[in-house]
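Architecture at a glance
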Amino acid sequence: MNYFTTEAEAKVIETARRVAQEVFKPLRAKYDDAEEYCPQATQAMAKAGIFGLWLPKEYGGAGLGITALSLAFEELSKVCIGLSLPAGTSALGGMPMFFWGMPEQRAKWAPDLASGKKLWAFALSEAQAGSDATAIKTTAKLDGDYYILNGSKHYISTGGEADFYTVAVSTNPERGARGISLIVVEKGTPGFTFGKKERKMGLRTNPTYDLIFRDCRVPAANLIGGEGKGLLIVQELFDYSRPGIAAQAIGLAQGALDETVKFLKIRRQFDQPVIAFQSIGHELADLTAQVEAGRALVYKITSEMDKNFIAASTAAIASNTTVHDELKKLKGPRWTKYSAAAKLFCSDTAMKVADRCINLCGGIAYTRDFPLEKYARDAKVTQIYEGTNHIQKNEIMSALIKEG
Ligand SMILES: Cc1cc2nc3c(=O)[nH]c(=O)nc-3n(C[C@H](O)[C@H](O)[C@H](O)COP(=O)(O)OP(=O)(O)OC[C@H]3O[C@@H](n4cnc5c(N)ncnc54)[C@H](O)[C@@H]3O)c2cc1C
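As the structure is a prediction and not an experimental result, all values here were calculated from the model.

Rules behind the numbers
- Residues numbered from 1 in each chain as written.
- Predicted model: local features only at pLDDT ≥ 70, side-chain atom pairs only at ≥ 80, totals over all residues.
- Heavy atoms only, no water.
- Helix = DSSP H or I, 4+ residues; strand = E, 2+ residues; numbered from the N terminus.
- Expected span 1.5 Å × (residues − 1).
- Bend = angle between axes of the 7 residues up to and from the residue.
- Buried < 20%, exposed > 50% of the residue type's maximum accessible area, 1.4 Å probe, protein only.
- Contact = heavy atoms within 4.5 Å.
- Pairing = 2+ DSSP bridges.
- Near = heavy atom within 4 Å.
- Polar contact = N/O pair within 3.5 Å; in protein donor to acceptor, adjacent residues only side chain to side chain.
- Areas by Shrake-Rupley, 256 points an atom, 1.4 Å probe, with all protein chains shown as cover.
- Nonpolar A, V, L, I, M, F, W, Y, C, P; charged D, E, K, R; others polar.
- Axes fitted to C-alpha atoms, helices over the stretch in contact; angles between N-to-C directions.
- Parallel < 35°, antiparallel > 145°, perpendicular 65-115°, else oblique.
- Phe/Tyr/Trp six-rings, centres within 6.5 Å; stacked < 30°, edge-to-face > 60°.
- Lys NZ or Arg CZ within 6 Å of the ring centre and 35° of its normal.
- Domains from an automatic or database assignment.
- Buried area = accessible area lost by both parts, 1.4 Å probe.
- Salt bridge = Lys/Arg side-chain N within 4 Å of Asp/Glu carboxyl O.

This next bit is on helix α1 (residues 7-34). With 28 residues, α1 extends 39 Å between its outermost C-alpha atoms, agreeing within 8% with the 40 Å of an ideal straight helix rising 1.5 Å per residue. At F24, α1 is deflected by roughly 55°, the largest bend along its length, and proline P26 occurs up to four residues later in sequence. Among the residues of α1, those classed as buried are E9, V12, I13, T15, A16, V19, A20, F24, L27, R28, Y31 and D32. Buried residues along α1 sit in contact with α2 (39-47), α3 (65-77), α4 (81-100), α6 (230-266) and α10 (372-382). Looking at the residues trailing α1, positive phi occurs at E35, about 55°.

Now the structure itself:
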């Protein structure tokens, strides 16, 4: 069943499916084994217009909002989350600029973001600041028209490959959480280098790097949203980005289920296809129901979100204001509880589905000749990045306490 009947959304699904099946599928095992970045996959997404789905037409995007982006993530993640991730980190890294950036910052950066010509990444985490983002130690000191950055970032997706990094820094350490700001740093800026590349359990087709800043001079014009606004921006960012992780997770779960059903129809034991055993079929039915529930949750949230998001984007361009200011005028709801619930439910579902599919298929699923072990390794990260699921529960709990 297709929940999304607009012609444009159906086309997004079809396009992303073609990229996933024709480009990602033949490459995923090779790049997973080599633990390397795959430029062909990124180029195919750029050519298909995936980077700009959520951005307005004025910047070369499709103007279709968060739903279209999530639909694309779902289709691509049915085959490989890691190969799709440059589009994910570009949205995550670019959203602060798009939501809070001044019109001239949008005009400067959004067109190349929309075309996929320039890749973006988002750098919040540090070695001692994971779940607790308020503990960041990277500093940015104003010196004339420049900020001077010192410190390092940890576990940064699309590290080394991205052209622009939206980096959380402390511009006023005395003010603690209220002294955190976001600044865009371009690859190649003197004083900005890459440190350790992680060797990972999964998500091996996307590079995860440390970023190192040593007396790195960044134009003050690259500050996003003003000094001290960093954590507010990150909170709003995650409200809009976490459904994208949920969509990745649902795509992965669906991909694992599809491979499983296909195999169990062919695999015969005791003179019958394994799928004909009722205990096996019932388990597939339970897993399918959970995936459908997750999918409904994701797209209900994104379609509600898009009403104000698309209106605010249009208004910001027409009246030369920020998207954030236009969103505030529209007085829409805060999405924190719903986005956290979607990420929590869908990532737990992905992990459960990948694990159970291995049991359902038996020995072959434990080998690298079959994609299920990769699905299980990749699923884990959806429970960790953009906040672990403990943190999602904390978000939901805080909302419940406020509401009560
Ligand atoms: C492959 C990969 C890619 C990543 N990509 C990026 C990226 O692009 N950009 C970026 O900025 N970061 C990125 N991260 C970092 C990621 O967001 C963090 O790993 C995550 O937020 C958790 O932080 P941590 O690993 O330091 O764990 P910790 O915060 O040290 O947590 C350890 C444990 O304590 C629990 N915990 C911590 N605080 C609480 C609490 N208050 N209540 C209950 N439990 C709690 C956690 O849930 C976890 O179980 C990436 C991580 C990975 C693994």
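A few words on the pairing of strand β7 (residues 208-219). One ladder, built from nine bridges, connects strand β3 (residues 146-157) with β7; its direction is antiparallel. Bridge pairing in β7 places I156 opposite Y209. As judged from the four bridges shared by strand β6 (residues 192-197) and β7, these two strands associate in the antiparallel manner. For F192, the partnering residue across the bridge sits in β7 and is F213.

Close contacts around the ligand come from 19 residues, with S125, S131, Y155, T388 and H390 the closest. Between the ligand and S131 there is a distance of 2.6 Å, counted from an oxygen atom to a side-chain nitrogen or oxygen. A distance of 2.9 Å separates a nitrogen atom of the ligand from a polar backbone atom of Y155. For the ligand, whose unbound accessible area comes to 970 Å², protein coverage reaches 65%. For the shell around the ligand, the elements supplying multiple residues, two or more each, are β1 (120-123), β3 and α11 (389-403). Residues belonging to the shell around the ligand are distributed by class as follows: 10 nonpolar, seven polar and two charged.

On to the packing of α4 against helix α8 (residues 323-330). Between α4 and α8, whose axes approach to 5 Å, the crossing angle comes to 65°. The angle between α4 and α8 places the two elements in the roughly perpendicular class. Residues F98, F99 and W100 of α4 form the contact with α8, whose own contacting residues are V323, H324 and L327. Across the contact of α4 with α8, the residue classes break down as five nonpolar, one polar and no charged.

Let's shift gears to the packing of aromatic side chains. For the structure shown, the criterion picks out 20 aromatic pairs. Both rings, one in Y165 and one in F194, keep their centres 5.8 Å apart while their planes meet at 55°; by these two values the pair is tilted. Of this pair, Y165 sits in strand β4 (residues 164-170) while F194 is found in strand β6, placing the two residues 29 residues apart along the sequence. An aromatic cluster is defined as three or more aromatic residues linked by ring pairs; in this entry it consists of W54, Y59, F98, F99, Y240 and F309. A cation over a ring is seen here: R217 above Y146, with NZ or CZ 4.9 Å from the ring centre.

This brings us to the domain arrangement of the protein chain. According to the domain assignment, the protein chain contains domain 1 (7-118), domain 2 (121-224) and domain 3 (230-403). Here the C-alpha centroids of domain 1 and domain 2 sit 22 Å apart. Domain 1 puts 25 residues into the contact, and the matching count from domain 2 is 23 residues. Summed over both partners, the interface of domain 1 with domain 2 comes to about 1900 Å²; 61% of that surface belongs to carbon and sulfur atoms. Summed over the three residues of domain 1 that lose the most area to domain 2, namely E35, Y37 and W109, the buried surface amounts to 33% of that side. Between the two partners, domain 1 and domain 2, sit one salt bridge. Here R204 and E35 are joined by a salt bridge, their closest N and O atoms 3.9 Å apart. Counting only elements with at least two residues in the side of domain 1 that touches domain 2, the list comes to α1, α4 and α5 (103-115). A per-element tally of the side of domain 1 that touches domain 2 places α4 first, with 11 residues. When grouped by side-chain class, the residues that make up the side of domain 1 that touches domain 2 number 13 nonpolar, five polar and seven charged.

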